[in-house]
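# Structural features, examined
Chain residues, written in single-letter form:
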Amino acid sequence: MSRRRRSRKVPEEFHVDERWAVSYMDMITVLFCLFVVLYAMSTVDKNRFEKLRNSLATGFGTTISQKVDTASGTVVPPSMASKDKEGFADLDLAVKDVKKFSALAEQMNKRLAVEGLQKDVQFHIDQRGLTVRLVGSQTFFSPDSTVLTPRAYRIMHAITPVIVGTQLQVSVEGHAANLITSYPSVWELSAERATKVARYMVEQGGLPGARVGATGYGSSRPASRGTTAADYRQNRRVDIVVLSDQPERVRALIPDALKARAGQT
């Protein structure tokens, strides 16, 4: 008798038309990830999202912002919202100028504070640069005199080294009250006072003569238009202007830079 062989089960062949299952599983995985992301977005912190949106919009100039956003950088002023990238570069330079002059004013004020003289000097930043205003003729000069007082020498000794270190041009500008003086005119009085301050800065303070000029404005540019004794003291002054070395288009943006700085404080 022949032995009957046991039949072996032949495995079924893999059909090509079942490959769709692989793509289907990939699609299901992608959909799962999509819904996870959508769920995560639905629970996003609205405050953080608004800050991010405003920051990006302000940075690209598409939204005019009057406040500093949460990103570090410069506020885009309304006048610059439609300008090209060169305009934004100019604004950055103006911001740097404001920071530089603010630091100079702070250095001078600290040196004056050590001597108890900070009340005799005022600081102002504008398109021209940093104005160091020596207020009150009684502090710096005797009435109708161009001779610097001992207190004036102490003030000049405190602020001149800071100005020398800037390497910038300096304009010393004399002003006078619109009163009758022993001088032939208020222009000559103001001009000579400005010259005395400039000479001290050059001869005693080490400021190179090529960097400084002296001008007398008489009473044509009063700080105060009143007629009281206090108003006259404000108008009897010498302004030391540390001039910006930036081009005119950059200096014109300094007011915007000052507003941006004020918004950050």
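Just so it is clear, the structure is predicted and the values come from calculations on it, not from any experiment.

## With respect to the sheet that holds strand S1 (residues 121-126)
With mixed pairing, the 5 strands of this open sheet are ordered in space as S1-S2-S5-S3-S4. Strands at the two margins of the open sheet, each flanked by one partner only, are S1 and strand S4 (212-216). The sheet shows a mean angle of 20 degrees between the axes of neighbouring strands, direction not considered. Across 5 bridges, strand S3 (residues 170-175) lies against S4 in parallel orientation. When the bridges of S4 are listed, Val 172 appears paired with Ala 214.

## A look at the packing of aromatic side chains
Considering all chains together, one arrives at 1 aromatic pair under this definition. Against the face of Phe 101 rests Lys 100, its NZ or CZ located 5.2 Å from the ring centre.

## Comments concerning helix H5 (residues 150-164)
For H5, built from 15 residues, the straight-helix expectation of 21 Å at 1.5 Å per residue is met to within 8% by its first-to-last C-alpha distance of 21 Å. All of the buried residues in H5 are Ala 152, Ile 155, Met 156, Ala 158, Ile 159, Thr 160, Val 162, Ile 163 and Val 164.

## Description of the pairing of S3
Most of S3 is tucked away, with 6 of its 6 residues classed as buried. Of the two faces of S3, the one carrying Val 170, Val 172 and Gly 174 and the one carrying Ser 171, Glu 173 and His 175 are both buried.

## Focus: the pattern of salt bridges
According to the stated counting rule, one finds 10 salt bridges in the structure shown. The shortest N-O distance in the salt bridge between Asp 90 and Arg 249 comes to 3.0 Å. Here Asp 90, found in helix H3 (residues 85-115), pairs with Arg 249, found in helix H8 (residues 248-251); they are 159 residues apart in sequence, far enough to count as distant. Accessibility expressed as a relative area gives 9% for Asp 90, which makes it buried. You can call Arg 249 partly exposed: its relative accessible area is 48%.

## Description of the nonpolar core
Counting residues in each nonpolar core, the largest one holds 43 residues, and the members touching the most others are Leu 130, Leu 134, Val 172, Val 197, Met 201 and Ile 240. Counting residues per element, the ones that place at least two in this core are H3, S1, strand S2 (129-135), H5, S3, helix H6 (186-203), strand S5 (237-243) and helix H9 (254-264). No other element matches the 9 residues that H3 contributes to this core. Those residues in contact with Val 197 that sit more than four places away from it in its chain are Phe 141, Leu 148, Met 156, Val 172, Val 238 and Ile 240.

## Observations concerning the packing of H5 against H6
At a closest axis distance of 10 Å, the pairing of H5 and H6 adopts a crossing angle of 60 degrees. One way to sum up the angle between H5 and H6 is to call them oblique. Where H5 crosses over H6, the handedness of that crossing is right-handed. Counted together, Tyr 153, Met 156, His 157, Thr 160 and Ile 163 of H5 and Val 197, Tyr 200 and Met 201 of H6 form the full contact between these two elements. Across the contact of H5 with H6, the residue classes tally to 6 nonpolar, 2 polar and no charged.

## As for a nonpolar patch on the surface
On the surface, Trp 20, Val 22, Tyr 24, Met 25, Met 27, Ile 28, Leu 31, Leu 34, Phe 35 and Leu 38 cluster together into a nonpolar patch covering about 1000 Å² of accessible area. The class for Phe 35 is exposed, based on a relative accessible area of 55%.

## Observations concerning the pairing of S1
As judged from the 6 bridges shared by S1 and S2, these two strands associate in the antiparallel manner. Note on S2: the bridge partner recorded for Gln 122 is Arg 133. The turn linking S1 back onto S2 is made up of 2 residues.

Reading the values: rules and limits
- Residues numbered from 1 in each chain as written.
- Predicted model: local features only at pLDDT ≥ 70, side-chain atom pairs only at ≥ 80, totals over all residues.
- Heavy atoms only, no water.
- Pairing = 2+ DSSP bridges.
- Helix = DSSP H or I, 4+ residues; strand = E, 2+ residues; numbered from the N terminus.
- Axes fitted to C-alpha atoms, helices over the stretch in contact; angles between N-to-C directions.
- Phe/Tyr/Trp six-rings, centres within 6.5 Å; stacked < 30°, edge-to-face > 60°.
- Lys NZ or Arg CZ within 6 Å of the ring centre and 35° of its normal.
- Expected span 1.5 Å × (residues − 1).
- Buried < 20%, exposed > 50% of the residue type's maximum accessible area, 1.4 Å probe, protein only.
- Salt bridge = Lys/Arg side-chain N within 4 Å of Asp/Glu carboxyl O.
- Core = buried A, V, L, I, M, F, W, Y, C linked by side-chain atoms within 4.5 Å.
- Contact = heavy atoms within 4.5 Å.
- Parallel < 35°, antiparallel > 145°, perpendicular 65-115°, else oblique.
- Left-handed = near helix turned anticlockwise from the far one by under 90°.
- Nonpolar A, V, L, I, M, F, W, Y, C, P; charged D, E, K, R; others polar.
- Patch = residues over 30% accessible without salt bridge, like charges linked within 9 Å, V, L, I, M, F, W, Y side chains within 5 Å.
- Areas by Shrake-Rupley, 256 points an atom, 1.4 Å probe, with all protein chains shown as cover.

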